[in-house]
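# Inside the fold
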Amino acid sequence: MDPLQRALVAFRHAPVPLAGVCYGRLDVAAELSPAGAADVIERALEGLGLRPGAIWSSPLSRCAEPAAELSARLGVPHAVDDRLLEIDYGAWEGRAWSDIARDDARAYAAWLDAWERAGPPGGESALEVEARVRSFWRALAPTSVASGAPLHLLVAHAGVMRALRVVAGGATWPAAMSAPVPHLASERFPLPAPAVSLAGL
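All residue numbers refer to positions counted from 1 along the written sequence of the respective chain. The predicted origin of the model limits local features to residues at a pLDDT of at least 70 and limits the giving and counting of side-chain atom pairs to 80 or more, whereas totals for whole chains, interfaces and linings rest on all residues. With hydrogens and water excluded, all non-hydrogen atoms of the structure serve as input to the side-chain values.

### Concerning the layout of surface pockets
Put simply, the rule is: Every definition here rests on a 1 Å grid over the protein atoms only: cavities are sets of points where a 1.4 Å probe fits but cannot get out, pockets are open sets enclosed by protein on both sides within 12 Å along at least five of seven lines, and lining residues have some atom within 4 Å of a point. Grid points are joined across faces, edges and corners, and a volume is the space filled by probe spheres set on the points. Under the DSSP-based scheme used, a helix requires at least four consecutive residues in state H or I and a strand at least two consecutive residues in state E, with every element numbered from the N terminus. Each residue is assigned to one class: nonpolar for Ala, Val, Leu, Ile, Met, Phe, Trp, Tyr, Cys and Pro, charged for Asp, Glu, Lys and Arg, and polar for all the others, Gly among them.
Its volume calculated, the largest pocket comes out at about 480 Å³. Taken together, 24 residues make up the lining of the largest pocket; nearest its centre are Glu 86, Ile 87, Tyr 89, Arg 162 and Met 177. Elements that contribute at least two residues to the lining of the largest pocket include exactly α4 (105–114), α5 (126–138), α6 (158–167) and α7 (173–178). A per-class count over the lining of the largest pocket returns 15 nonpolar, 5 polar and 4 charged.

Structure below.
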């Protein structure tokens, strides 16, 4: 199998019309239609010479709907996985970041100081997002070195792509956060190392 096909390729979803708003778990429709987002991703895959064997997404529509559209077009399965949800911002969901900084100043400052280990009120920390994304990523490993692994395509949230930088790419969280995650742009991540097949020894 072509080694380029043994990978996880993730595309961030299309932009949403909520500039300045905390919207992690909110099911907000993207500005681009599912078909339009699928067009962009499909053209990018063609340009890279890649064809997925499986398509993944969170259940939120901005990821799930273009993933379902691609699944239908390409004739490959689409799986929805809750481990791929965006970070949960708890009590801050749906509020403007400027309002949060003003009205919840103490909690906001505490979160900025310790965001890797502490989440917003009722929400998740970066390490909690990392744990569930790591669980998903590890499940993609083939069962032995002899078994091939298909290209996995993920229509993803920015927080999940940053977690993959940590989990699959070995980045620190500050480094993963410092690099942008453009909408409808791809990042390639290696699959976990396969288990050694005792039968082949």
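### Notes on the sheet that holds strand β3 (residues 78–80)
Inclusion rule: Any two strands with at least two DSSP bridges between them are considered paired. For helices, the fitted line uses only the C-alpha atoms of the stretch in contact; every axis is such a line through C-alpha atoms, and the angle between N-to-C directions lies from 0 to 180 degrees.
Read from one edge to the other, the open sheet built from 5 strands follows the order β3-β2-β4-β1-β5, with strand pairing classed as mixed. Because the sheet does not close on itself, it has two edges, and the strands there are β3 and β5 (186–190). If you compare each strand with its neighbour and ignore which way they point, the axes differ by 25 degrees on average. Bridging between strand β1 (residues 7–12) and strand β4 (residues 152–156) involves 5 bridges; their strand directions are parallel.

### What about the pairing of β1?
As a reminder of what qualifies: In this scheme, a residue with accessible area under 20% of its type's maximum is buried, one over 50% is exposed, and one in between is partly exposed, where area comes from a 1.4 Å probe on protein chains only.
Across the 6 residues that make up β1, a large majority, 6, are buried. Covered by surrounding structure in β1 are Ala 7, Val 9 and Phe 11 together with Leu 8, Ala 10 and Arg 12, the residues of both alternating faces. Note that β1 and β5 share 5 bridges and pair antiparallel. Looking at the pairing, Phe 11 lines up with Ser 186 of β5.

### Let's talk about the environment of Val 28
The residue Val 28 is located in the loop between β1 and α1 (34–48) in this model. Assessed through its relative accessible area of 14%, Val 28 is described here as buried. Separated by 32 residues in the primary sequence, Val 28 and Leu 60 have C-alpha atoms spaced 7.8 Å apart.

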